[in-house]
Structure formats: C-alpha cells, structure tokens
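Here is what each chain is made of, one letter per residue.
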Number of protein chains: 4
Amino acid sequence: MSTSASNPYPLVGLRDNERATVMVKDVTIGCGPPVLIAGPCAVETETQMFQAAEMARAAGARLLRGGAFKPRTSPYSFQGLALNGLRLLHQASVGTALPLVTEVVDTRDVETVAQYADMLQIGARNMHNFALLRAVGATRMPVLLKRGVAATIDEWLYAAEYIAQAGGEAIVLCERGIRTFETRTRFTLDVAAVPVLRQLTKLPVMVDPSHAAGERRLVLPLARASLAAGADGLLVELHPDPAKAACDGPQALIGTDIPKLAALMRADHGIRE
Amino acid sequence: MSTSASNPYPLVGLRDNERATVMVKDVTIGCGPPVLIAGPCAVETETQMFQAAEMARAAGARLLRGGAFKPRTSPYSFQGLALNGLRLLHQASVGTALPLVTEVVDTRDVETVAQYADMLQIGARNMHNFALLRAVGATRMPVLLKRGVAATIDEWLYAAEYIAQAGGEAIVLCERGIRTFETRTRFTLDVAAVPVLRQLTKLPVMVDPSHAAGERRLVLPLARASLAAGADGLLVELHPDPAKAACDGPQALIGTDIPKLAALMRADHGIRE
Amino acid sequence: MSTSASNPYPLVGLRDNERATVMVKDVTIGCGPPVLIAGPCAVETETQMFQAAEMARAAGARLLRGGAFKPRTSPYSFQGLALNGLRLLHQASVGTALPLVTEVVDTRDVETVAQYADMLQIGARNMHNFALLRAVGATRMPVLLKRGVAATIDEWLYAAEYIAQAGGEAIVLCERGIRTFETRTRFTLDVAAVPVLRQLTKLPVMVDPSHAAGERRLVLPLARASLAAGADGLLVELHPDPAKAACDGPQALIGTDIPKLAALMRADHGIRE
Amino acid sequence: MSTSASNPYPLVGLRDNERATVMVKDVTIGCGPPVLIAGPCAVETETQMFQAAEMARAAGARLLRGGAFKPRTSPYSFQGLALNGLRLLHQASVGTALPLVTEVVDTRDVETVAQYADMLQIGARNMHNFALLRAVGATRMPVLLKRGVAATIDEWLYAAEYIAQAGGEAIVLCERGIRTFETRTRFTLDVAAVPVLRQLTKLPVMVDPSHAAGERRLVLPLARASLAAGADGLLVELHPDPAKAACDGPQALIGTDIPKLAALMRADHGIRE
C-alpha cells in the first residue's frame, strides 16, 4: 500500500464519501446517534469506581472509561493503580454492562490491558509514540486515538494510519483541545477539527470537552458545541466526589450535572453534517 | 472608578449576574434569541451590495455588515471603497431596513463612519489600538469589538473596558478565531470563549465563524457550534458571486447556503447558558 | 509599483543582495557595528529621565528611547505623560546628544511626535494599524517597526511595505518576541527571525530582548544571542530605580548591568551574517 | 523524596547554585567549553555513515549522533535501519573514537540500544512517554532529553525528574524548537530556554539548531546564538550528500559548512552565564 499526493492516508482517508463505523461490543460509533463515553479520570477505589459507573450509566453512557495507568506531568503525582486498577475497571464494566475504554501507555502493557479492555485508548501524550501505535494496532481491537496537544490534524491522521497499517482499522479519533496562548481554559478546544476531519477521513470523530475545559462549568457548553459541530460522540469525565479525586477533579462533572448531560444525549441532534 | 483584584473590569465585568443587552436601533442583542449579522466582507459595487443585502435578509439577518475600509495584510490588496463604500452600504441598509454594522480603522475617520453606521466595528487587528477604542467609545454608539488573533480573553475585556471608560457602554464582543499552529483552518475558533465570558462579563458575545474557518464548507458547522455554546448571535460573510469577491471569497456563503443558515437561525436554541 | 509571486515586497525586499542602511541623524543602523538604543520604558519625571539617559550613554547607546504615549493592556494602568513626556524626552535627548526614538500610537499625534523625535517607533500592538503605518511613512522620517506578537515574518514585511509605499523608506525592523504557550518568559524571542529576514529584506534588523524576556536576568543572555544571530542592534530598557517604575520595571536593566551591556556592545562581533 | 512548592524538582533542580556535569566516556558536558554532537539524522549506509562521521570529527564534534530508529510523522516514510543501523553506528563510533548518542523509541528496545550507545537520546515526540523515561533512567546511562515541541520548560524538567527518579541522574537537556504559528522556520527556537533553565536546574543544557531551523542556511546563525545565550553545547545534523538523505536533508550541513562550524566551536565563548 503506497501513499500519494492525492491520498496521503490510504487506509484512513475518505474515499467516495464512504464512512466507517466502529463497533465496541454491541455499541456502534459513527453514522448514527452520538455515543457517550463517561467515567472518572482514574480508578481510585472500588466504591469510587462503582459510583462513577452508575453516574455514567445514568448520564446515558454506552461505554465506560477510567484510567489505571495515568500519564502525569510530575512523577510525584498519582500514577494510577495499574493492574489492580484494571481489575476494578473490569468489575465496574461487567457490573454496569458498559464496555470498557481504558488507556495503555507502554508497549509492554498492551497484552495485559487488552485482556481487560474492550477499546484501547491512546492518550494525547502518546499520539506520537509510534511503537505504541503499532502495538495497539496489532491487537486489532478498537482504538480511541486522542489528538496530541500540538499535533496538526494531518499529523493526527498519520498517527491513525500507523495503527491501521499494523492491522487495527477500528479507530475513533478524539479531539481534546490543543495548546495555545490562552490560559482561561486548560487547552483550546479545536471544534473545527470535527468538520475538517469529515472532509479528510472516513473515521468517526469524538470530542473530549473535559480536558479542553479543565473546569466543570465549561464542560456542558463545550459538549453541546461539539455535538452541534457534528461529533459522533463525547468523552466526559465525572466523579462522585471530585474534591477527593486523585486527578483532574476540577473538570469532573458531579451528580447535579448528570441529568443535564443525559438530556443533551437524548436531544434530537438533527442533521449534523 | 478604580480597578481591584476582585474586579479588574469595573465597567464591563459581571456583577450580581446582571447581563447587559445592546440595542442597535430596534434590534436587541443579548438575553434573547440569537441575532444574525450578515453581509459581504467588503462593499464592491452597487449591484453586489444590493444582492448581498437581499441574501442577508433572506438568511434571517437583523443587521447588515460590510466593509468600506478594509485592513489588508498587503498594501497591494484591495483596500476598500472608503467614502463611496459607506454611501453604498448606507443605501443597502436603508433599502433592506437592516441597521448597518461597519468597521472603522482610523481615529480620524470615526466621525464620518459614525454618520453612516448604526454600530461601529473594531476589527481584530485594531483590538489593541487604544486610541481608536477611546474614540469609538466617545461616540456612545453601539460597538462590535472583535477579539485580536493573539489576544487573551482578559486582554479583550480590557479593550472593552477602554471603550466603556470613554463613554461607550453598548459593547458586543465577537470571537473570530485565534492564531495557533493548525493550518487546516485560517484561525482556530475558540468556542470556549463564549462560556468563559459568561462568567466574567455582562456583555453579549457573538461569534464570527467565517474568519475562523476561512472556508465556506466549515462555516455552518462552526455557526451551529457557536450557538450551541451559548453565543448571542453570529456574524457571517456571504457574497452573490464569491469567485469575483475582492476579499475573502473562499469563506463567503453562497446562495445555496442561505436556506440552511435561515433554518439554523429559526431553530429552537433551547437553554443556551 | 506592483507585487508579484517572485517578489511580494517590491520596496523592502532584498534584491541583488543590496542591503539598506538607515541614518538617524549621524547614527547609521545596518551594515556595520551593532547599534544600541536604550532608555526607560516610559518617561516619568525629569530626574528619572535624566538618570536613565546617563545610563544609556554609559552603556554605549547611540540612540535614546522612552515612551510618552504608552499603550497599556488596562485603561487603569499608567498611560504616559503625553506632550509633557515628549518635552522631557527631547530635553534628555539634547542633554546627552543622543537622538530620540519614541513611539506614536495615534494618526492624530504623528505630526506632534515628529517634532520631538528623530525616529518614530511603531509598537507591536500597532503593527497592523495600517492607517498609522501610512501616516508615519508619509513623514519620511526613520521608523522603528516592531513585530506584532502574533505576526508572521511575512505579515511584518507587508507592514514595512505599507510604510515604504507611503514614502518612508528608512525602516528598521525590531523583533521583540512572539506569543506562544510558554509562560516562563513574557514572550518567546524568535531569534531565527534575524537570519530569516536577511534572506528576505534589505532592511536592518534589531532585537528588543527586554520585552521578550520580561525579566532582568534574561536580558543580557538574549542580547548576546541576538547579536550572535546577526542583529544590527539592540533595543534595551533600563531604569535608575525599577522598583518605582511606572511600567515594566521587572525587565529594566539596573546600574550594575550597565558595564556588562557596554562590554557586550564593544566586543568584536565578527562576521555576523 | 518528596516535592514541595519551593522545589518541585528535588532531583534535577538547582540547589545552592551547584551545577552538574555529565560524562559520556571521556567527554564532559557542562561547566566548561561547549561540546559539539554531530552526525546525520539517520544512518543509511556504511559509506554515508563513515563520511558523515568524518565530517563530524572535522567539525570538532566530541560525540557522534545518528538515528537507527526514526520516529516519522508518516508510516510511509523511511523508518530507520533498526538493528543494522545500530551496528553501523557503533562501527562509525569506534572508527572515529567518538562516543555514540542515539535515540531509543520503545521500552522494549532500551536494552538493545544500550549495548551500542554511549548516551541514550529521548526525542521530542517521546518527552511525555513516561514509561520510556523510566526505562531509560533505569539503565543509569547518560541521557540526552529533547524538549517536546509543545512542552513548557516546567513539563520538560518534570520529564527529567522522571528519568532521575528511575536512577539516571546524568541528564543533558536539549532545546530544539517549539511549535508556534510562524511557518518560515520549521519550529521556533526558544533560545531563552537556556538562561531560564540556568535559574531552575543543575543540568547542562544543549541546543539543536538543525531541527528548529529546518533549513541549512539558518543553522549556523542559530548555533552562534545558542552558544552566546550560554548553551553547554550543540547538536547538529550534517550529511555528505543531503540531496539523497533519507530524512531531513534540507537542514543538514554540508562539506563547505564544516570549517565554519569548526571555527565556531574553537572560538572564545567568554563568560556565557
């Protein structure tokens, strides 16, 4: 398979306007109603994870998220529960009947994480970790590929092409904000990436408003904007007690936000070309 | 009136959650249904302006826009029709009964432009032209203040404060994209600016999706996203024959886009907090 | 004079490798030893200005700088002494026999400022204020054109072209840092702009390390880097008592820095192409 | 070892102004004359590598660089010679008696690369690959840690802290340009990072002008600027025949540049605090 000027993305590019859907167990992402993936930033305790999974289900989530391996800026921050975390995530996933999306950060962990997860997440910090992209692609499992904070849309599509070339064609792209000079938000949500990607790739496109916002009160407006721009779904963080969260508490939705999020997911999203 | 750490924006800041509306003739911006401002980038000929004004009206615009003084990157690009342009704009405004929003770029022109316009626009390139901000404020006319392409939200609010301090309290902020590393769009629309501003200022907030996109096909998805994020209105460029436009043709909506834009403006925008 | 793809800058572009020099009274900028322009950010009092001018002379400055009209982010910050400031600047310039560089921020002030200054400065915030560029160019005086914080090198050259087209061909470009995501410095000094401009324009290129740094301790290393990259000179801020400065005190050099700066200006700068 | 507000970098932070040096075999980096690391972007053939190593030695390099595992934006670009490349690099290193610096991109390769290299390089794309940072740190070998293109200086220091915490305290930081809006250079060299880091860390700081520039003609001016700003050394790419280079040919220095680079390295760099 070779690349050309007319189609730099032979595997993930858009051809004849044919769009791909991605199945995660019985959940279809793309070409249909938007899908909510929700859960805590990190799995912390059995109780926290159980409550968060119930919140996710109440919000209308079709997939459960949560991190057991946490890539953190400082080595002195909470790094995740690792294998124990995977077990708790799996238990919550089974308990709520929501398939599990969780992040893998090391090529050596791919096999283990694949045993517990239904969809593997590549985080923003690893979008250019090509060895990991290939290893994840080789599992042929569904992959949620977040955009790197300084990655152009084209670099992001090349990252997807790495996964696809290794065998993993069930890829969902996830915009999560890019790094700019503005400091009132944690990152700048590039909502235009959604319609731009529609012109370039067959892959479904989701948006994570939580990491872009960095603040709870901004998450729902950004979620609405993302669906209005045509996103195939949302990745949202929530927590039963954000004040005690081991990471990213300020951006986690709380109990009183859940009915609003549920209403948003149930709304008629019309033609979202 | 002094500033303090707790309220750096004594005139435009949000206090007791009281929001301002801005009246441009009989049109109210803020605290109600979203308002559309539409028209060509630049006024070019009587025919072009007449047709564009009709398109604006058909799209549901309440205000007409168009530039007679065009700030252009190169001195060898079309610079606008100046006074003749103001006359054509005024004529189209009267003909369609749509109040006129037009840009002023020089303190020496403020008085003249004020005779023709119903609302004065400060463009992105002049957001830090403090002398112009003061001169425009002193007219006490309504002002549409675009965000500078590298301005933080706080710098933008300070620019509004300059206008207000000079006497012009009827200010509408307009997000139009910031400069980032991404090149697939002309600028990166910072849609999060809308909910962020809701927390900081009493002023209405509009969005210009046309300049952010730089490409026609992206304008409507960004327009939808902006309203979904809670914007009080849209500023959209259109043209009867974009291939012949003297400036920014690729981003101008065309005839077939108008019904879609009209439908968007008529839609139920629900609670857009 | 028309522009073309092969030479978008007919007046300021480089042709046949011929470089321009700019004379400010008896001082030559370009094609020779680097020139120091130094002085306080703003003129505040007669004593402050007199002392600052003496510091500038001791540092080896050939030109004196200082602002009477200060563009400030907040309208509640010190805005400069205006006409009284111009008089104090002129007095200090005459007293030290250093020609005066000072900023003009409003087309209506150009004539007045031109009576006191030997070189007119366009600040970063006004690089896209095309009316001001034309008004300054029409005086035919030497102009110091700072780069806008979000301006590409090409946009900056177009700004120079505006000045030249209006009659002012004695233009010196001044890099002063661009806006990026890094917060440890006030702006990011784009030192590569110096050699890039050498390939594109005949105009001399200076660097202002003070605004880029935002902190005194970084100014001299950035000054050295700028000269090593080939800059034709430096624009440096200093103050006799920065703790009391009305603006930008933290980046002003102090008495003990002056001998180091003087040594830097006297050093052999070798081939700095 | 705990972190605190006063010292977020317990292992790599600056304490009592004590600076670290890093030894790579008999070469000392830091607290002395600047060190040149030079070589091709990628090892391609035995002849190419042999010639490039000779060029490096002629330029005054003390260490040889070259990549066997190439992280490339597109999966359809040359990905490096892998193990064969390591063997050729090792051979060139032995032949020229220049210790070898080469990149590792996968935790699973660390052991193998460590057998051939004298210093392990973490590339910009992997600066946030924390698993790799830990794996490299555990070898206790010297590490060259490049800055991520969107990493703040603080995030970069945290990455160094990850390596140090895993056991690898011989770390050299390498600035290589950050991603900004400017397109005339491949990246924007943040030369101010050098003096900023002097205030924050005990680690030596080098600069890679080649990747920042993206163009041969800019490399030497940026190299001069970097040393003038106080860098402890340079990482420079060169190639015997850049037109045929498998990657990054346009930024590789060629034969006629070598004497200039050698002269720069031999020059008196004075007090470069």
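Reading the values: rules and limits
Residues numbered from 1 in each chain as written. Chains lettered and ligands numbered in written order. Predicted model: local features only at pLDDT ≥ 70, side-chain atom pairs only at ≥ 80, totals over all residues. Heavy atoms only, no water. Helix = DSSP H or I, 4+ residues; strand = E, 2+ residues; numbered from the N terminus. Rg over C-alpha atoms; globule rule 2.2 N^0.38 Å. Buried < 20%, exposed > 50% of the residue type's maximum accessible area, 1.4 Å probe, protein only. Contact = heavy atoms within 4.5 Å. Areas by Shrake-Rupley, 256 points an atom, 1.4 Å probe, with all protein chains shown as cover. Lys, Arg positive; Asp, Glu negative; His and termini not counted. Charge placed at Lys NZ, Arg CZ, Asp CG, Glu CD. Expected span 1.5 Å × (residues − 1). Phe/Tyr/Trp six-rings, centres within 6.5 Å; stacked < 30°, edge-to-face > 60°. Axes fitted to C-alpha atoms, helices over the stretch in contact; angles between N-to-C directions. Parallel < 35°, antiparallel > 145°, perpendicular 65-115°, else oblique. Left-handed = near helix turned anticlockwise from the far one by under 90°. Nonpolar A, V, L, I, M, F, W, Y, C, P; charged D, E, K, R; others polar. Least-squares fit on C-alpha atoms with pLDDT ≥ 70 in both. Salt bridge = Lys/Arg side-chain N within 4 Å of Asp/Glu carboxyl O. pLDDT = per-residue confidence, 0-100. Arc of directions from axis to C-beta. Buried area = accessible area lost by both parts, 1.4 Å probe. Polar contact = N/O pair within 3.5 Å; in protein donor to acceptor, adjacent residues only side chain to side chain. Pairing = 2+ DSSP bridges. Right-handed = clockwise from strand over helix to strand, strands pointing away.

Peer 1: What exactly am I supposed to notice about the overall build of chain A here?
Peer 2: Within chain A, the secondary structure is distributed over nine helices and 10 strands. In terms of overall size, chain A behaves like a compact globule, its C-alpha atoms giving a radius of gyration of 17 Å where 273 residues would be expected to give roughly 19 Å. C-alpha atoms of chain A, sized along the principal axes, occupy 50 × 40 × 40 Å. Taking all 273 residues of chain A together, 67% fall into the buried category. Taking contacts inside chain A between residues at least 6 apart in sequence as the whole, the part at least 24 apart equals 70%. Roughly 9100 Å² of accessible area belongs to chain A as shown, and the carbon and sulfur atoms make up 50% of that amount. For chain A, the distance from the average position of its 28 positive side-chain charges to the average position of its 27 negative side-chain charges is 3 Å.

Peer 1: So what exactly am I meant to see when it comes to helix H5 (residues 153-165) of chain A here?
Peer 2: Two residues of an α-helix separated by three or four positions point the same way, owing to the 3.6 residues in each turn. All names here are of chain A. With 13 residues, H5 should cover 18 Å at 1.5 Å per step; its first-to-last C-alpha distance of 18 Å lies within 8% of that length. Across the 13 residues of H5, 12 count as buried, placing the element largely inside the fold. Of the positions making up H5, those classed as buried are Ile-153, Asp-154, Glu-155, Trp-156, Leu-157, Tyr-158, Ala-159, Ala-160, Glu-161, Tyr-162, Ile-163 and Ala-164. As for H5, its buried residues are in contact with helix H4 (130-138), strand E7 (143-146), strand E8 (171-175) and helix H6 (193-200).

Peer 1: I would appreciate a short explanation of the packing of aromatic side chains in the present structure.
Peer 2: The geometry of an aromatic ring pair is captured by two quantities: the separation of the ring centres and the angle between the planes. Residue and element names in this part refer to chain B. According to the stated counting rule, one finds eight aromatic pairs over all chains in the structure shown. Aromatic side chains Tyr-9 and Tyr-158 sit 4.9 Å apart centroid to centroid with 65° between the ring planes, which places their arrangement in the edge-to-face category. Residue Tyr-9 is found in the segment before strand E1 (22-24), and its partner Tyr-158 is found in helix H5 (residues 153-165); the two are separated by 149 residues along the sequence. With respect to class, Tyr-9 is no different from Tyr-158; both count as buried. Taking the centre distance of 4.4 Å and the plane angle of 20° together, the rings of Phe-130 and Tyr-162 count as stacked.

Peer 1: Which parts of the structure should I look at to understand the packing of helix H5 (residues 153-165) of chain C against helix H6 (residues 193-200) of chain C?
Peer 2: The description of two helices packed together rests on the angle between their axes and the distance between the axes. Residue and element names in this part refer to chain C. Direction vectors running N to C along H5 and H6 enclose 55°, while the axes themselves pass 11 Å from each other. On the basis of their axis angle, the class for H5 and H6 is oblique. Taken as a pair, H5 and H6 cross one another with a handedness that is right-handed. Here Ile-153, Trp-156 and Leu-157 of H5 come into contact with H6, specifically with Ala-193, Val-196, Leu-197 and Leu-200. By residue class, the composition of the contact of H5 with H6 is seven nonpolar, no polar and no charged.

Peer 1: Help me out: how do you make sense of the relation of the copies chain A and chain B in this one?
Peer 2: Superposition of the two copies of the chain requires a rotation about an axis together with a shift along that axis. When chain A is brought onto chain B, the operation consists of a screw motion whose angular component is 180° and whose axial shift is 0.0 Å, with 0.0 Å RMSD remaining. Expressed as a symmetry operation, the mapping of one chain copy onto the other fits a two-fold axis. In terms of C-alpha distance to the rotation axis, chain A has Ala225(A) as its closest residue, with the C-alpha 2.0 Å off the axis.

Peer 1: Please clarify how the pattern of salt bridges should be interpreted in this entry.
Peer 2: Pairing between side chains of opposite charge can happen when the charged atoms of each approach one another. Per the stated rule, a full pass over the model turns up 56 salt bridges over all chains. A salt bridge links Arg184(B) to Asp154(A), with the shortest nitrogen-to-oxygen separation between them at 2.8 Å. Of this pair, Arg184(B) sits in the loop between strand E8 (171-175) and helix H6 (193-200) while Asp154(A) sits in helix H5, placing the two residues on different chains. A salt bridge links Glu155(A) to Arg179(D); the nearest nitrogen and oxygen atoms lie 2.7 Å apart.

Peer 1: Teacher, can you tell me more about the confidence of the model for chain A here?
Peer 2: Regions with low pLDDT carry predicted coordinates that are not meant to be interpreted in detail. Per-residue pLDDT for chain A averages 95, and the proportion of residues at 70 or more is 96%. Confidence estimates for the predicted assembly give a pTM of 0.96 and an ipTM of 0.95.

Peer 1: Is there a simple way to explain helix H2 (residues 82-96) of chain A in this structure?
Peer 2: All names here are of chain A. Here H2 contains 15 residues, and its C-alpha end-to-end distance of 21 Å stays within 8% of the 21 Å for a straight helix at 1.5 Å per residue. Among the residues of H2, those classed as buried are Gly-85, Leu-86, Leu-88, Leu-89, Ala-92, Ser-93 and Thr-96. Around the axis of H2, the buried residues are gathered within 165° of arc, so they sit on the same side. In H2, the exposed positions angled more than 90 degrees off the buried face are occupied by Val-94 and Gly-95. In this structure, the buried residues of H2 make contact with helix H1 (46-58), strand E4 (63-65), strand E5 (100-103) and helix H3 (110-116). Ala-97 sits one or two positions beyond H2 and adopts a positive phi of about 60°.

Peer 1: How should I be thinking about the interface of chain A and chain B in this particular structure?
Peer 2: Accessible area lost when the parts come together is the quantity often used to give the size of an interface. Taken together, the 34 residues of chain A in the interface contact 34 residues of chain B. The contact between chain A and chain B buries some 3000 Å² in all, and 63% of this surface belongs to carbon and sulfur atoms. Area buried by chain A at its contact with chain B is led by Phe181(A), Arg184(A) and Gln199(A), which between them contribute 21% of it. Summed over the shared surface of chain A and chain B, the result is eight residue pairs in polar contact (both at pLDDT 80 or more). If you list the elements that add at least two residues to the side of chain A that touches chain B, you get H5, H6 and helix H8 (216-228) of chain A. In terms of residue count, the dominant contributor to the side of chain A that touches chain B is H8(A) (seven residues). Of the residues contributing to the side of chain A that touches chain B, the split by class is 19 nonpolar, five polar and 10 charged.

Peer 1: How should the packing of helix H4 (residues 130-138) of chain B against H5(B) be read in this particular structure?
Peer 2: Residue and element names in this part refer to chain B. Where H4 contacts H5, the axes come no closer than 7 Å and their chain directions differ by 45°. Between H4 and H5, the interaxial angle falls into the category oblique. For the pair H4 and H5, the sense of crossing is right-handed. Of the residues in H5, those touching H4 at Phe-130, Leu-133, Arg-134 and Gly-137 are Ala-159, Tyr-162 and Ile-163. Looking at the contact of H4 with H5, its residues break down into five nonpolar, one polar and one charged.

Peer 1: Honestly, the environment of Arg62(B) in this entry has me stumped. Any pointers?
Peer 2: Residues and elements named next belong to chain B. Relative to the assigned elements, Arg-62 resides in the loop between helix H1 (46-58) and strand E4 (63-65). Separated by 54 residues in sequence, Arg-62 and Pro-8 have C-alpha atoms that sit 33 Å apart. Residue contacts for Arg-62: discarding those within four places in its chain leaves Asp-26, Val-27, Val-35, Leu-36, Leu-98 and Pro-99.

Peer 1: Looking at this structure, I do not really get the sheet that holds E8(A). What am I missing?
Peer 2: Strand pairs in the sheet, formed through backbone hydrogen bonds, run parallel or antiparallel to each other. Residues and elements named next belong to chain A. The sheet built from eight strands closes into a barrel, its strands ordered E3-E4-E5-E6-E7-E8-E9-E10 with parallel pairing. The average undirected angle you get between the axes of adjacent strands in this sheet is 25°. Where E8 meets strand E9 (residues 205-207), three bridges bridge the pair, whose relative direction is parallel. Looking across to E9, one finds that Leu-173 is bridged to Val-205. Here H5 sits on the sheet and contacts E7 and E8; the angle it forms with E8, its principal contact strand, is near 155°. Against the sheet, H6 touches E8 and E9, its axis set at about 170° to E9.

Peer 1: Would you take a moment to explain the pairing of strand E3 (residues 35-39) of chain A for this structure?
Peer 2: Looking along a regular strand, one sees the side chains alternate between the two faces of the sheet. All names here are of chain A. Burial within E3 is extensive, with five of its five residues counted as buried. Bridge count between E3 and strand E10 (residues 233-237): five bridges; the pairing is parallel. Pairing of Ala-38 across the sheet is with Val-236, part of E10. With two bridges connecting them, E3 and E4 associate as parallel partners. What sits directly across from Ile-37, in E4, is Leu-63.

Peer 1: What am I meant to see in the sheet that holds strand E3 (residues 35-39) of chain C here?
Peer 2: All names here are of chain C. One closed barrel accounts for eight strands, arranged E3-E4-E5-E6-E7-E8-E9-E10; its pairing is parallel. Across the sheet, the mean angle separating the axes of adjacent strands is 25° when strand polarity is ignored. Relative to strand E8 (residues 171-175), H5 is tilted by about 155°, and along the sheet it contacts strand E7 (143-146) and E8.

Peer 1: What am I meant to see in the side chain of Asp190(D) here?
Peer 2: Position of Asp190(D) among the secondary structure elements: in the loop between strand E8 (171-175) and helix H6 (193-200). Under the relative-accessibility criterion, Asp190(D) is labelled buried at 0%. A polar side-chain atom of Asp190(D) sits 2.9 Å from a polar atom in the side chain of Arg147(D). With residues up to four places along the chain from it excluded, the contact list for Asp190(D) reads Glu182(C), Thr188(C), Arg147(D), Ile153(D), Glu175(D) and Ile178(D).

Peer 1: I would appreciate a short explanation of the pairing of E8(C) in the present structure.
Peer 2: Residue and element names in this part refer to chain C. Most of E8 is tucked away, with five of its five residues classed as buried. In E8, alternate side chains face the same way, and those of Ile-171, Leu-173 and Glu-175 on one face and Val-172 and Cys-174 on the other are all buried. Across four bridges, E7 lies against E8 in parallel orientation. Residue pairing across strands places Leu-145 opposite Leu-173, the latter belonging to E8. Handedness of the E7-H5-E8 crossover: right-handed.

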